[in-house]
Amino acid sequence: MQPTIPHPMIPQPVFPEAAEQKNYLNEKYGAWSWLMTTDHKRIALLYLLSITFFFFIGGFFALLIRLELLTPAGDLVQADTYNKLFTMHGMVMVFFFLIPSIPAVLGNFLVPMMIGAKDLAFPRINLLSWYLYIIGGALMMHCMLTGGVDTGWTFYTPFSTGFTNTKIVEAGIAIFIAGFSSILTGLNFVVTIHRMRAPGMTWSRLPLFIWAHYATSIIQLLGTPVIAITIVLVAAERALHLGIFDPKLGGDPLLFQHLFWFYSHPAVYIMILPSMGVITEIIACFSRKRIFGYHFVAFSSIAIAVFGFLVWAHHMFVAGISVYSALVFSFLSYAVALPSAIKVFNWTATLYKGSIHYDAPMLYAFGFLGLFTIGGLTGLFLSALGIDVHVTDTYFVVAHFHYIMVGGAVMGYLGGIHFWWPKISGRLYPEGWARLAALIVFIGFNLTFFPQFLLGYMGMPRRYYDYSHMPEFQILNVMSTAGATILGVGYLLPMVYLLWSMRRGKPASENPWNAAGLEWKTASPPPTFNFDEEPVVTWEAYNYDELDAPHKEEVPVAK
Amino acid sequence: MLNNFPLWPDQASTMASRVDALYIFLLLVTGAMALLVFACVAFFAARFRHRPGVRAEQIEGSNALEITWSAIPFLIFMAIFGWGAFVFFQERTPPADAAEVYVVAKQWMWKVEHAEGQREINELHVPVGRDVKLIMTSQDVIHSFYIPAFRIKQDVLPGRYTVEWFRATKPGVYHLFCAEYCGTQHSGMVGSIVVQQPADYEAWMNGASTGPLSASGEKIFAELGCSTCHRSDTQGRGPNLQGVFGKPVQLDDGRTVTADENYLRESILDPGSKRVKGFQPIMPTFQGLVSEEQVNDLVAYIKAISLSKPINGAKTSANRAVSGDSSDTEGQTPPLPSGSKVQ
Amino acid sequence: MQNEAGADGLTAVHEHHGEAHAAHNPALLHHFAAPEQQRDAASLGMWVFLATEIMFFGGLFCAYLVYRRWYFPSFAAASKSMDAGLGATNTAVLICSSLTVVLAVWAAQTARRTLLIGSLILTMIFGLAFLGIKGKEYRDKFEEHHVPGVSFSFENVPVPGHPGEYANPRHAQIFFALYFVMTGIHALHMIVGLGIFAWLLTMSWKGRFSPQWHTPIEIGGLYWHFVDIIWIYLFPLLYLIDRHA
């Protein structure tokens, strides 16, 4: 075996015998081998790089927003700039970070491995979906650098179609293209989960991460096309003044809102369901237990996907819909809350009589439980019609959806990145730093967003650039801005030490957590086709009793 | 509002205490649920932390538990749902005799027209204790009329009327916000709700009136030549508009609609869409010929001539007593009940 | 390395399919264990994709139904201005093309190369004919100033069945906006379909398909049928509102 050339991005094997080991990272070298790869694991890493880029762009906008709101007067940026900041923050974070985050990175990496497949069913379509994402992202970057959009990420008509002179069409095309990337990912997952499972991997032996991704894919497949056609109509309306959404020409602006939320409400579940899947894996592993009520957790994912399509108009209680449709959508919103509650109870019950380890992924999972519970429970306020009238379009809503989408989805994402980092990189991350980062994120997050609930009930409307008429809102805003800086540090830390660990971290064994699941039964990092021998599954999911039974010694834990 | 760190907006309408009661109930219920979950998580995490030699005990699950923790939250959810819907229906059902105020939103200001004729910009004066119904439309994009102290909010749409109502209970000056993002100066589209004692309000009201909206509407009605077809007998080429408001109207295509504000508005701007049975489609559209304010005036006028009969009659005249401006022969404007008082 | 892995998986798992059979199949991609699995995956993939297409058109149908209910008289008048004869011809053309697609699939299954190539060519001719007729209709609409925008004109068009009543041009414009968006996106799908069939034709010409492996013909055919079915819905919705008058 000829000696391998040291490569800055690729962890070098430490043990001589390991040097023989070919894996997906060192199988081929060079930029071309990455850009033309069809390996789902390499595509996952491409996604990881690109969504991290957009995460920090979106985060930078968020920081500017928080700095502007430090004082009541509008003094840091112009009003138009502020409007563009929150618009681009929303668009980047929703369409270019949150929606692809867990599915396209962790899902791409893990779905084939967890079910014992060599790759996704359509590897080239998988690569195509990354290129679509990049084209959409590049267009979005171009749009931002040449002026941006100021409609809010919701594009409400007739403002977006007739009253703003910003780059609606370009942003629309960017989102349209990114949407197809999301559809193709979902399509790949559905077909892969149906057709590529290893022998013995029955539906009830699937890890709950897979169930969560299956449910997510259904939403991506059935929801995204609707936003795509809605964007087409908005662009056509804007270019040609068709009148479809313009009341001056006989159109109905509420039709836009119905079509928009038909996708954009389920889109929240595209963000949170995969995160729930990650949390389920982590909780099972670090309590050393089979998940409590496996089937309930699995089917609650499907229930969320199905009910998620039936609640869109709860964003429109004061928009001018009839009281009776409001009644129906309020009721259905409570129906969709139930499966989420069931999940929380089952995770909690899983801890009972477990053997709980406090490693960084578990800390993220605890953080998720806390933040998601608060986010979910405040959803009950917003579903209650009488209260929604008062708090909708205020900071109460802003706080609520950040608790779900950042507190929930991003906590799950970070927890998952840590949990599977040894598998992805072949290296262990520094445990102490990781625990510290988890703590900082949790504290910073609550300090940023909890005050916003109070602001919202006080009546501060969202998307306000200047609140000099109501200086009483300042103290809570200062708290929120202070929290945001802490949160920023919490998000930067993992990037630093994870990059560090790629070169300096201790090499990871095949299964550093002694975790259940097929992905831990192959090398870290895995070979190009995942398994040296095609696995045959003879055990149930989360067989921690068997894993812990034979060897009585301590579970090896990254230190 | 003098306090720099309030946690609660003023309660200044009848709705505020109802919404707050539900809010407190929800805080208690969800607080208890959150505490239960957090306590369990914290207790299990501490009690069952990893100890060398102690293995986790595998538990498959429990259908009884699953049913319990599905059914109990569901019942709680239904209670919240019912209570929330109850409050919502109150918020969405204006009393029949509420005083009417027309609101026209535009980027980035609120134009308010009282039925008695007072016009305000970014301000709304209302007396304590009177039901006030806002009939709102927008000249351009979607706005939202939000008064936190009253706990009410309603989007204001171009091309149609939306309605909200309140009864102020506490004199003072309260925030008025636009709550639906509407462009550059969205955050500048703010104003004040001035709640006054009835006497102060009367004084303000008598200050600068240009005559009731319905009077302006009558003038426009004549100027546009509406009266040549919409005659007050049955000989006109258009339907007689006396007494039409609030009544069912038989349409040419067989449907029946109620002649509410939105119907009147639509019939002025788009007469062909819901034509009254037995009349020819000869009325031209007035889209673009009349401003939003003029449409409001016309609607107010048509309502006035519709409601004049009951006033001359006996029954409802008591709660439709003539307001302070006794020179107003239209006299139909739902007035301030003379005996209203501060709660 | 790749072939080894594939063959390993095959022998380990799907012994009954026979190793030689699969290992010699050049179309079997490395990450599938057996040709059946590959075909099932491709077919399921197309079905799932068609589900997303239904949702894509679903948004448009939803908008169409809302406005048709609101502005029925103007929609009826606007629909009457369409050339139902051309629309019906196009419907017939597409139904014929579906038949030739079925023939192509059958020909591929039964190794009838000439029939396969002939059917594919016929399908493409039908597809082009459809687009040609559609183009003529678009040109007519353009000349009649029925294309939404500044030059749109729909004055004094009577509402069918309601003498003396005229369509509201603004409402008719919404009809035509939806007409052009719906048929335009449908035509775009036809063009993509023609591209797919051109590729299938090349592959058939080179003799790449066999009774054992002709998945592209099957799933390309699925796509073509779907585009036909969309038209079967579009035709009555756009051309035949209130035709009885």
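Refer to the structure presented above.
Note that the structure is a prediction, hence the values are computed from the model and not measured.

(A) A look at the overall build of chain B. When its secondary structure is counted, chain B shows seven helices and twelve strands. Here the contacts in chain B between residues at least 6 apart in sequence split such that 67% fall between residues at least 24 apart.

(B) Summary view of the overall build of chain C. From N to C terminus, chain C includes eight helices and zero strands. Helices and strands appear in chain C in the N-to-C order α-α-α-α-α-α-α-α. Here chain C, with 245 residues, has 38% of them falling under the buried criterion. Once local pairs closer than 6 in sequence are excluded, the contacts in chain C between residues at least 24 apart make up 72%.

(C) Local environment of the interface of chain C and chain B. Every contact between the two is made by four residues of chain C and, on the other side, five residues of chain B. For the side of chain C that touches chain B, the residue count by class is one nonpolar, two polar and one charged.

(D) A look at helix H6 (residues 261-269) of chain B. The set of residues buried in H6 of chain B consists of Glu 261, Leu 264, Arg 265, Ser 267 and Ile 268 of chain B. End-on, the buried residues of H6 of chain B take up no more than an arc of 165°, which puts them together on one face.

(E) Quick peek at the packing of helix H4 (residues 72-80) of chain C against helix H7 (residues 169-205) of chain C. Residues and elements named next belong to chain C. Contact geometry of H4 with H7 gives a least axis separation of 8 Å together with a crossing angle of 55°. As judged from the angle between their axes, H4 and H7 are oblique. In this structure, H4 crosses over H7, and the sense of that crossing is right-handed. Every residue of H7 that contacts H4 at Ser 74, Phe 75, Ala 77, Ala 78 and Ser 79 is listed here: His 171, Ala 172, Phe 175 and Phe 176.

(F) The environment of Ile 417 of chain A, seen in detail. Inspection of the secondary structure assignment puts Ile 417 of chain A in helix H14 (residues 395-425). Overall, the presence of 23 C-beta atoms within 10 Å leaves Ile 417 of chain A in the buried class.

(G) Focus on the interface of chain A and chain B. Of the residues lining the interface, 77 residues belong to chain A; the matching set on chain B comes to 74 residues. Considered class by class, the residues forming the side of chain A that touches chain B number 45 nonpolar, 19 polar and 13 charged.

(H) Highlighting the nonpolar core. Grouped together as the largest cluster of nonpolar side chains are 336 residues, with contacts concentrated most on Ile 115 of chain A, Val 103 of chain B together with Leu 178 of chain C. Considering each element in turn, this core owes the most residues, 23 residues, to helix H4 (residues 79-115) of chain A. Not counting residues up to four positions away in its chain, the partners in contact with Leu 178 of chain C are Leu 60, Ala 63, Tyr 64 and Tyr 67 of chain C. Counting residues in hydrophobic clusters, the runner-up holds five residues, among them Leu 28, Leu 29, Phe 32 and Ala 34 of chain C.

(I) Molecular detail of the pairing of strand S2 (residues 109-114) of chain B. Residue and element names in this part refer to chain B. The pairing of strand S1 (residues 99-106) with S2 spans six bridges and is classified as antiparallel. When the bridges of S2 are listed, Val 103 appears paired with Val 112. Between S1 and the antiparallel strand that follows it, S2, lie two residues. As paired strands, S2 and strand S3 (residues 119-121) are joined by three bridges and run antiparallel to one another. Bridge assignment links Val 112 to a residue of S3, and that residue is Glu 120. Connecting S2 to the next strand, S3, in antiparallel fashion are four residues, including Gly 117 with a positive phi near 115°.

(J) Representation of the sheet that holds strand S7 (residues 152-156) of chain B within the structure. Residue and element names in this part refer to chain B. In space, the five strands of this open sheet follow the order S4-S10-S9-S6-S7, with mixed pairing throughout. If you trace the sheet from one side to the other, it starts and ends with strand S4 (123-127) and S7, each paired once. Taken over all neighbouring pairs, the strand axes of this sheet differ in orientation by 20° on average, direction set aside. The pairing of strand S6 (residues 143-147) with S7 spans five bridges and is classified as antiparallel. Each bridged residue has a counterpart across the sheet, and for Phe 145 the counterpart in S7 is Gln 154.

(K) Quick look at the pairing of S6 of chain B. All names here are of chain B. Counting buried residues along S6, five of its five residues qualify, which places the element largely inside the surrounding structure. Taking every second residue as pointing to the same face, both faces of S6 are buried, with His 143, Phe 145 and Ile 147 on one and Ser 144 and Tyr 146 on the other. The hairpin formed by S6 and S7 contains four residues between the paired strands, and Arg 151 there has a positive phi angle of roughly 60°.

(L) The environment of Ile 270 of chain A, seen in detail. Residues and elements named next belong to chain A. Position of Ile 270 among the secondary structure elements: in helix H9 (residues 253-287). On the neighbour-count criterion, Ile 270 (30 C-beta atoms within 10 Å) is buried. For the pair Ile 270 and Leu 98, spaced 172 residues apart in the sequence, the C-alpha separation amounts to 8.4 Å. Setting aside residues up to four positions removed in sequence, Ile 270 forms contacts with Ile 99, Thr 216, Ile 219 and Gln 220.

The rules behind the values
Residues numbered from 1 in each chain as written. Chains lettered and ligands numbered in written order. Predicted model: local features only at pLDDT ≥ 70, side-chain atom pairs only at ≥ 80, totals over all residues. Helix = DSSP H or I, 4+ residues; strand = E, 2+ residues; numbered from the N terminus. Contact = placed C-beta atoms within 7 Å. Buried ≥ 20, exposed ≤ 12 C-beta atoms within 10 Å, placed from the backbone. Nonpolar A, V, L, I, M, F, W, Y, C, P; charged D, E, K, R; others polar. Arc of directions from axis to C-beta. Axes fitted to C-alpha atoms, helices over the stretch in contact; angles between N-to-C directions. Parallel < 35°, antiparallel > 145°, perpendicular 65-115°, else oblique. Left-handed = near helix turned anticlockwise from the far one by under 90°. Core = buried A, V, L, I, M, F, W, Y, C linked by C-beta atoms within 7 Å. Pairing = 2+ DSSP bridges.

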